[in-house]
Amino acid sequence: MIKLKFRKKLISPGGTLDLDIDTNIDTGDFVTIYGTSGAGKTTMLKIISGLLKPDEGFITVNDKVWFDSDTSVNLRPQSRPAGLVFQDYALFPNMTVEENIFYAAKKGLATERIKEIIDLMDLGRIQNQKPDTLSGGQKQRVALARSLANMPAVLMLDEPMAALDLEMRQRIQNYLLEAHKRYNLTTILVSHDIGEIFKLSNNVLILEEGKIIHQGSPSAIYSNQDISGKFQFAGEIINITKEDVIYVVTVLIDQQIVKVVAEESTANDLNVGDKVIVAAKAFNPIIQKVVKQN
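Since the model is a prediction, treat every value here as computed from it, not as a measurement.

The rules we used
- Residues numbered from 1 in each chain as written.
- Predicted model: local features only at pLDDT ≥ 70, side-chain atom pairs only at ≥ 80, totals over all residues.
- Heavy atoms only, no water.
- Helix = DSSP H or I, 4+ residues; strand = E, 2+ residues; numbered from the N terminus.
- Polar contact = N/O pair within 3.5 Å; in protein donor to acceptor, adjacent residues only side chain to side chain.
- Contact = heavy atoms within 4.5 Å.
- Axes fitted to C-alpha atoms, helices over the stretch in contact; angles between N-to-C directions.
- Parallel < 35°, antiparallel > 145°, perpendicular 65-115°, else oblique.
- Left-handed = near helix turned anticlockwise from the far one by under 90°.
- Phe/Tyr/Trp six-rings, centres within 6.5 Å; stacked < 30°, edge-to-face > 60°.
- Buried < 20%, exposed > 50% of the residue type's maximum accessible area, 1.4 Å probe, protein only.
- Core = buried A, V, L, I, M, F, W, Y, C linked by side-chain atoms within 4.5 Å.
- Pairing = 2+ DSSP bridges.
- Right-handed = clockwise from strand over helix to strand, strands pointing away.

Novice: Any chance you could explain the side chain of Ser 201 here in plain terms?
Specialist: Among the secondary structure elements, Ser 201 is positioned in the loop between α6 (194-200) and β10 (203-208). A polar contact is formed between the side chain of Ser 201 and the side chain of Thr 32, at a distance of 2.3 Å. For Ser 201, the residues in contact, after removing those within four places along its chain, are Phe 30, Val 31, Thr 32 and Pro 218.

Novice: What is the right way to look at the packing of helix α2 (residues 97-104) against helix α3 (residues 111-120) in this model?
Specialist: What describes two packed helices is the angle between their axes and the distance between those same axes. Between α2 and α3, the least distance of the axes is 11 Å, while the angle of their chain directions is 130°. With respect to α3, the axis of α2 lies oblique. In the packing of α2 onto α3, the handedness of the crossing is right-handed. Contact residues: Glu 98, Ile 101 and Phe 102 in α2; Thr 111, Ile 114, Lys 115 and Ile 118 in α3.

Novice: Explanation requested: the packing of aromatic side chains in the structure shown.
Specialist: Two numbers describe a pair of aromatic rings. These are the distance of the centres and the angle of the planes. Overall, the coordinates contain 1 aromatic pair when judged by the stated rule. Relative to Tyr 103, the ring of Phe 92 lies with its centre 5.1 Å away and its plane at 80°, an arrangement referred to as edge-to-face. Of the two residues, Phe 92 is situated in the loop between β7 (82-85) and α2 and Tyr 103 in helix α2; the sequence distance between them amounts to 11 residues. Judged by its relative accessible area of 57%, Tyr 103 is exposed.

Novice: Just to check I follow, could you spell out the nonpolar core for this structure?
Specialist: The tendency in soluble globular proteins is for nonpolar side chains to be buried as a group. Of all hydrophobic cores here, the largest spans 35 residues; its most connected members are Ile 101, Met 121, Leu 123, Leu 148 and Leu 176. At the level of secondary structure, the elements contributing two or more residues to this core comprise α2, α3, α4 (136-149), β8 (154-158) and α5 (166-182). Excluding its chain neighbours within four sequence positions, the residues that come into contact with Met 121 are Arg 141, Leu 144, Ala 145, Leu 148, Tyr 175 and Ala 179. One finds Val 31, Trp 66, Ile 188 and Leu 205 within the second-largest nonpolar core, a separate group that totals 26 residues.

Novice: What's the story with the pairing of β8 in this structure? I'm lost.
Specialist: Within a regular strand, side chains alternate between the sheet's two faces. With 5 of 5 residues buried, β8 lies mostly within the body of the structure. Residues Val 154, Met 156 and Asp 158 of β8 are buried on one face, and the alternating residues Leu 155 and Leu 157, pointing to the opposite face, are buried as well. Pairing of β7 with β8, which is carried by 4 bridges, proceeds in the parallel orientation. Looking at the pairing, Ala 82 lines up with Val 154 of β8. Sheet topology note: the β8/strand β9 (residues 186-190) ladder contains 5 bridges and is parallel. Each bridged residue has a counterpart across the sheet, and for Leu 155 the counterpart in β9 is Thr 187. For the crossover that starts at β8, traverses α5 and ends in the parallel β9, the hand is right-handed.

Here it is as structure tokens:
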């Protein structure tokens, strides 16, 4: 169990943000943090990993205190069994793939386990290459492998696949999901890709202006079928595609393109050319077919 209760006042070009987090994450969960830019998602990961210090509060992971302002406990990042992967990979350019992974490996970790991680991330054929010879997808797999080699209690990923094309993104998702299950990880992902969230996560945190405003399963968060909402627009469906476990419905509203996630039961009732209503409550976009009256 991860228990998070902390506050941090942030100053940014957009003004002051009071990050105020109070939530629990079960061991073994795959959690995605979702929210607009500047909501505090990356800061939340940095605080958990120890790169930033909260103003007050506590962080405990599996009954181990990582931070407690009342008792002045603040473990250094090196003392927290956490892996943090950013979008920019942060690989050592003078080291090969294998050397990058071995350098980050937890002290005493068996060579066989490291080789297993290299195989899991499908890096065997490029393990003797240096980062400047690798593609973006390969670099991301190396960054993931390096974090796994540290045997983290918590694996955190800050939009690690945002810059990759769809095919590579889906491959990395598969590698990540396999690693999460094989090593019984507790994983926290920052993502704006709703298809990715449905595929990977069992728990979603919606962060808005520094506070968690919703928490629950992806279907509970994104498939609210209450058509009343803060806004409603009429449009026409121009495309329906299936992406892994969800459907993405593309709707033309005036001259704007809007993409809405739909469950299979909803998508099966929709066709290109249908007139629909797109509505939303905060981060819960929903779609409803307009039934023609005789």
